[in-house]
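A closer look at the structure
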There are 2 protein chains.
Amino acid sequence: MKNQITIAAAMVLGCAAAAHGADVTSPGGQITVHADVIDGVPTYSVDYKGKPIVKPSTLGFTLADGPDLMGGFKLTGTETSTFDETWQPVWGENANIRNHYNELLLTMDQPEHYRKMNLRFRVYDDGVGFRYEFPQKDNAMAYFIIKEENTQFAMTGDHTAWWIAGDYDTQEYDWTESRLSEIRPNMIGSISSNLSQTTFSPTGVQTSLQMKTDDGVYLNIHEAALVDYSCMHLNLDDKNMVFTSWLTPDAQGNKGHMQSPCHTPWRTLIISDDARDMLSSNLILNLNEPCKYADTSWIKPVKYVGVWWEMIAGGKQWSYTNDVPSVKLGETDYTKLKPHCNHPANNENVRRYIDFAADNGFDQVLVEGWNEGWEDWFGHSKDKVFDFVTPYPDFDVKALNDYAHSRGVKLMMHHETSGSARNYERHMAQAYKFMEDNGYNSVKSGYVGPILPRGEHHYGQWMVNHYLYAVTEAAKHHIMVNAHEAVRPTGLCRTYPNLIGNESARGTEYEAFAGNKPFHTTVLPFTRLQGGPMDYTPGIFEMDIKKLNPQSQGHCNSTLARQLALYVTMYSPLQMAADLPENYERFADAFQFIRDVAVDWDESRYLEAEPGRYVTAARKAKGTDNWFVGCTASEHGHKSNLSLNFLDPGRKYEAIIYADAPDAHYLTNPQAYVISRKTVTSKSKLKLTVAPGGGYAISIRPIK
Amino acid sequence: MKNQITIAAAMVLGCAAAAHGADVTSPGGQITVHADVIDGVPTYSVDYKGKPIVKPSTLGFTLADGPDLMGGFKLTGTETSTFDETWQPVWGENANIRNHYNELLLTMDQPEHYRKMNLRFRVYDDGVGFRYEFPQKDNAMAYFIIKEENTQFAMTGDHTAWWIAGDYDTQEYDWTESRLSEIRPNMIGSISSNLSQTTFSPTGVQTSLQMKTDDGVYLNIHEAALVDYSCMHLNLDDKNMVFTSWLTPDAQGNKGHMQSPCHTPWRTLIISDDARDMLSSNLILNLNEPCKYADTSWIKPVKYVGVWWEMIAGGKQWSYTNDVPSVKLGETDYTKLKPHCNHPANNENVRRYIDFAADNGFDQVLVEGWNEGWEDWFGHSKDKVFDFVTPYPDFDVKALNDYAHSRGVKLMMHHETSGSARNYERHMAQAYKFMEDNGYNSVKSGYVGPILPRGEHHYGQWMVNHYLYAVTEAAKHHIMVNAHEAVRPTGLCRTYPNLIGNESARGTEYEAFAGNKPFHTTVLPFTRLQGGPMDYTPGIFEMDIKKLNPQSQGHCNSTLARQLALYVTMYSPLQMAADLPENYERFADAFQFIRDVAVDWDESRYLEAEPGRYVTAARKAKGTDNWFVGCTASEHGHKSNLSLNFLDPGRKYEAIIYADAPDAHYLTNPQAYVISRKTVTSKSKLKLTVAPGGGYAISIRPIK
């Protein structure tokens, strides 16, 4: 995000004594926002290509500590401006990102209470962002407590939606595709059990919410730059098809403690009649602030393996012993306890993974279960659950890091907090220092289970502040963060690019539990990935989890070829090869794609896309002329007819195609794949058939 | 607390298959506890000199996450033992403290639920301590959540009590003297307003609760060693005169998160028919663990002055400017704001205090309002309220510390947290490091206003853990802690002797507000001081607060002579001379006592005592043969007839007596005092008359 180039930035001030509402239109002219104060109530609507896509919707807040901000407003002025710059992310799908919008600022007074509230709209060619702003000057609200934000999104019809249940504590639900009117009858069935979950409404859903109108317009609602505010859900009035924002409460039921000058996060609408535009949109990144770090040279994408799938799928343990009913850190002496010997985070096994990583070009090896405390780490609302620095007796931190470094790889740290944020914050400085001292530069953190401080939620303002605190404190130690069970991302990786990953959805681990729906990876790019990359941990080659663990009922609902495709379709600067080394050795020819695929890109193109059906992406590896293509499809399979016109004209390339075999099927024959090689040019067309729950991956390199 | 001398420790095991209850009697034989399980319910009673002082009282818990611990118990064994040691506190009222008790352990099963709970009683000559213990082995309760502790204290009559309203967030109430039956009608009137307060019951009172029976037996109920548990109140069944414990809830209404092995704090009963024994009792210290620090050489008692009374009483400000409605730390640039010039924490004024301290033998100078953030520091549930390291533009940390050190004194740090515990914990390491770097070795911390995490209370388990965390983290930097608005002390200063002070009651500051009741300082030694020293900040010479601040209605309800006495009657290793230097200069002859009085002692004797009436103490200064005597009386005044038999026989001493003048009165003539000198010996008797709300102070030194 260095070397920002401002191409144009012109400010036009429009101000009138008796102000009226105003329109602001996207640079290309297809999207128009109309905003006004009508009978004292702030109101907006959005048109796309001359037709309404958001009907007139009201804006405001109920407050816990004073008169509401729901009416009595007077428009005092409007300002419009335009902005156009191209900036460079530290890592990303593209080397250059254009941030081009027209802006409208509505300034408003609530004269009865001597209060001020403004609305700022930014209109892009691919959508709209807007937020509330609360100036400090002459505003009687220096501090205020939000009871609820009441931002309406009035839909134009009974759209098709891809949604998960609104929940204050988890996003780990399978996606449902239904009409808006079908959310209510499908709600209960959509909710699976989780170690920490708090649903709130029979029509409450999470963002990013992907929709499609009967006219074929795609609409996505999410938020950008969630900082010092609680995470937004959407609650549907399914008589009128109007969504209203629904924030995450704190332990006392309040939803935001505000101090002016301040503003809400951006509420975002991504809009297009081409589904591919939904995926290539940079609207959410653009609405975030530029990078706050002067030096970003220490932030690097990471391809990694890990001691993890053995526990998730293989029945092995994070814990070290069965000898104690509960652990008191610093008092429980593990050297005197009998190990249960089912603990893969041990010296010998970790060295095996280090060797595998080094031999196959991986950057890092994640090790979970390395530190004391896993015997009773969840389900007890335990405060002092881990200290993040004390290894089990069979894990030699120094020797393993030394060995890893001698082989050119790093270990990846794991900080499970068990949701105990105070404990983590108390140990954070020491834990990050410990990482620095031992040569770790990235951490996977976790927030499994209910939050401490008790009564707080994963997505409330308190925890939102915690997650960002962890990221900025980590930055002081040049540590990259990949936080699991944290709040869903909202593009903050632009501002804090050491936030290289999040979970915030069902990842591959659910394939080891009950399995994700086969269309899962065709929905995530439209929904979860809008806010930032996901540590999805693809690369499962053995779909029959029973082979790892006879007790398991798990089945990975994907073909093997699709597992390769996910390294391209699920954009992330952090990619894991999640399966066991022995499974990669069984399918060494397919594994070659994982060895080859890049994790950082100069350019990305979405070739085909339809939510819940298929996503096909092509990406050009950073600093090379190599392209990688991936396609993931639903249980309906897919037929691709690709044009390779993104290749340099007149140049010859070798394409290696990892495709589903004709008889492949995610359930019955997932490991059936065919690898073929072909010489291609920018004029080539590729016809490819994708099996049910299948996919394909292609690597394309110039022929020298 | 080094060089512990164990005189005797013998263990007698008594165990029976069908166990019965057991008696355990104090070493001197005057106090007997009988404990048993009756119809499945743990029960105890206490006799004093052969008569009941606590009638049969039941013990148990309701739980939030499982069957209660209220019955179904089976006694599985009893163990008795005796213990006798003399230990040396780092600082204290006496150089040597004897810890001599007989102990009874009842082990119990709750067979229906495979659970275990034990009761441990320690019976001293001056009272009883008992606690619940939860072993880990073979106990189905590895974790459990307390809904309420139901420890009964069944009184033998309608005693006279000195009480304040039970409250989860403040102890800063004036004391009420009434019969137990009069608590209910007096409750509302006893509650004054506070920035943070949460009362809970019309018969709920705080501990330490001092009572007196109609037979003249004094009984005090409190707790010892409050660690990882919530603070106990007492709720009275005023039909039956039975108190039941009432813990402080967390944000979810639960009252304790427990992990076995664990135990409750000790519930303490101090019992005597001589009120002086209540004050000389070391029972609460003895029930605490020995010192946990290997090196305590850095812990030293402190006599100090401070930039404080000017704001409390004088109308000056902690803040620097009126220019901002609210502050955002790191964003608000104070150098660009106009100072209001009513900010005494400035370089010039602090140098004046440093000079005054150096000239008069004080160790330290407290400065409040030195750091950014005071403009909006309370009332807003503000998280990031202070950073504890950034001074206002007119406070030069380095120059002032350098100057102080050049004059042989130290500055005392002030950390007001505004109740925002997360913010304090996030900054704590840096703040303590900053202190070390600048030569501070003690901190006055504050917790004004409602707690963050929101919904938590000052006296709940979460905050109890916070206060101790601050103390132990401070110890790593060799910092002494004096925490205001923290939980009331329970003798933890034995274990963590860098906890040199607490507030936890109305201190002198209330004299500048509406005034404490004249008998206030005759109650505190029986109540608040049972758990540990109080930073009472005596030494007010100008009682008419209007003279400092014409807007004030405050009047210090004490004679000047009594203000001197408080340095002796209110034992603390931390004593402030709270008034302004100019007031001490006006009364230089009286001020000489404050200059002379010690803050650490080899021996203490309580010569006269009656709660709510008078307290007379004599203390021998550490490492000297000098004695200091103080007497404080209620609005009824007092006539003392002191025997000086504590002096060395055959030795001559000079006594300087600072007494109320004959016409002195706390309201109408508080500054009337007489200083006289007298040669005394161990055979001397002193007759002294104390004015209403008055007192006297005496310094006694051997004549060489």
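Residues numbered from 1 in each chain as written. Chains lettered and ligands numbered in written order. Predicted model: local features only at pLDDT ≥ 70, side-chain atom pairs only at ≥ 80, totals over all residues. Heavy atoms only, no water.

Our next topic: the interface of chain B and chain A. Much of the literature gives interface size as the accessible area that the parts lose upon coming together. At the junction of the two partners, chain B supplies 31 residues and chain A supplies 31 residues. Approximately 3,000 Å² of surface area, both sides summed, lies buried where chain B meets chain A, with 51% of it carried by carbon and sulfur atoms. At the boundary of chain B with chain A, the tally comes to two salt bridges. A salt bridge links R426(A) to E425(B); the shortest N-O distance between them is 2.7 Å. If you look at where chain B meets chain A, you find 22 residue pairs in polar contact (both at pLDDT 80 or more). If you list the elements that add at least two residues to the side of chain B that touches chain A, you get β20 (256-259), α7 (421-438) and α8 (461-476) of chain B. No other element matches the four residues that α8(B) contributes to the side of chain B that touches chain A. (Contact = heavy atoms within 4.5 Å. Buried area = accessible area lost by both parts, 1.4 Å probe. Salt bridge = Lys/Arg side-chain N within 4 Å of Asp/Glu carboxyl O. Polar contact = N/O pair within 3.5 Å; in protein donor to acceptor, adjacent residues only side chain to side chain. Helix = DSSP H or I, 4+ residues; strand = E, 2+ residues; numbered from the N terminus.)

On to the relation of the copies chain B and chain A. The operation relating chain B to chain A is a screw motion whose rotation component is 180°, with 0.0 Å of axial translation and a residual RMSD of 0.0 Å. Those values place the two copies in the arrangement expected of a two-fold rotation axis. Comparing interface residues between copies, 100% of those in chain B also lie at the interface in chain A; the contact surface is shared. (Least-squares fit on C-alpha atoms with pLDDT ≥ 70 in both.)

All right, on to the sheet that holds strand β32 (residues 627-633) of chain A then. Residues and elements named next belong to chain A. Pairing within the open sheet is antiparallel, and its six strands lie in the order β30-β31-β32-β37-β34-β35. Each edge of the open sheet is held by one strand with a lone partner, namely β30 (601-610) and β35 (673-680). Within the sheet, the average angular offset between the axes of one strand and its neighbour, ignoring direction, is 15°. Judged from the eight bridges that link them, strand β34 (residues 653-660) and β35 form a sheet pairing that is antiparallel. Paired with A659 across the two strands is V674, which belongs to β35. Here helix α11 (residues 560-569) sits on the sheet and contacts β30, β31 (614-621), β32, β34, β35 and β37 (695-702); the angle it forms with β32, its principal contact strand, is near 120°. (Pairing = 2+ DSSP bridges. Axes fitted to C-alpha atoms, helices over the stretch in contact; angles between N-to-C directions.)

Looking now at the environment of T32(B). Residue and element names in this part refer to chain B. Here T32 is to be found in strand β3 (residues 31-38). In this structure the C-alpha to C-alpha distance between T32 and K704, which are 672 residues apart in sequence, comes to 49 Å. Here T32 is in contact with D23, V24, T25, S45, V46 and D47, once residues within four sequence places are set aside. Within the structure, the side chain of T32 is placed 3.0 Å from the side chain of T25, a separation counted as a polar contact.

In this section: the side chain of E93(A). When you line up the elements, E93(A) lands in the loop between β7 (74-87) and β8 (97-110). When sequence neighbours within four positions are dropped, the list of residues in contact with E93(A) reads L279(A), Y571(A), W601(A), D602(A), E603(A), S604(A), Y606(A) and R619(A).

Residues and elements named next belong to chain A. Overall, the predicted model of chain A reaches an average pLDDT of 96, with 97% of residues at or above 70. Overall, residues 1-18 carries pLDDT values under 50, and its contacts beyond four positions in sequence, including any with other chains, amount to 45 contacts. Both confidence scores are given for the complex: pTM 0.96, ipTM 0.94. (pLDDT = per-residue confidence, 0-100.)

On to the sheet that holds strand β24 (residues 364-367) of chain B, then. All names here are of chain B. Read from one edge of the open sheet, seven strands run β28-β27-β26-β25-β24-β23-β29, paired in parallel fashion. Two strands in the sheet have a free side with no partner beyond their single neighbour: β28 (499-502) and β29 (574-576). This sheet shows a mean twist of 30° between the axes of neighbouring strands, independent of strand direction. Across the sheet, α7 touches β25 (410-416) and β26 (442-446), and the angle it forms with β25 is around 175°.

What follows covers the pairing of strand β9 (residues 115-124) of chain A. Residues and elements named next belong to chain A. For β9, the tally of buried residues reaches nine of 10 residues, placing the bulk of the element in the interior. What sits between β8 and β9 in their antiparallel hairpin is a turn of four residues, with Y114 showing a positive phi close to 55°. Relative to strand β10 (residues 127-134), β9 runs antiparallel, the two sharing seven bridges. Considered in β10, the bridge of R120 is made with R131. (Buried < 20%, exposed > 50% of the residue type's maximum accessible area, 1.4 Å probe, protein only.)

Right, let's talk about the pattern of salt bridges for a bit. All names here are of chain A. Applying the stated rule across the entire model yields 78 salt bridges over all chains. Of the charged contacts, one joins R276 and D274 as a salt bridge, the two residues approaching to 3.1 Å between their closest N and O atoms. Salt bridges linked by common partners bring E103, R120, R122, R131 and E133 together as one network.

Residue and element names in this part refer to chain B. For T43, the position within the fold is in strand β4 (residues 41-48). C-alpha of T43 to C-alpha of T58: the two residues are 15 residues apart in sequence and 4.3 Å apart in space. From its side chain, T43 meets the backbone oxygen of V41 in a polar contact 3.0 Å long.

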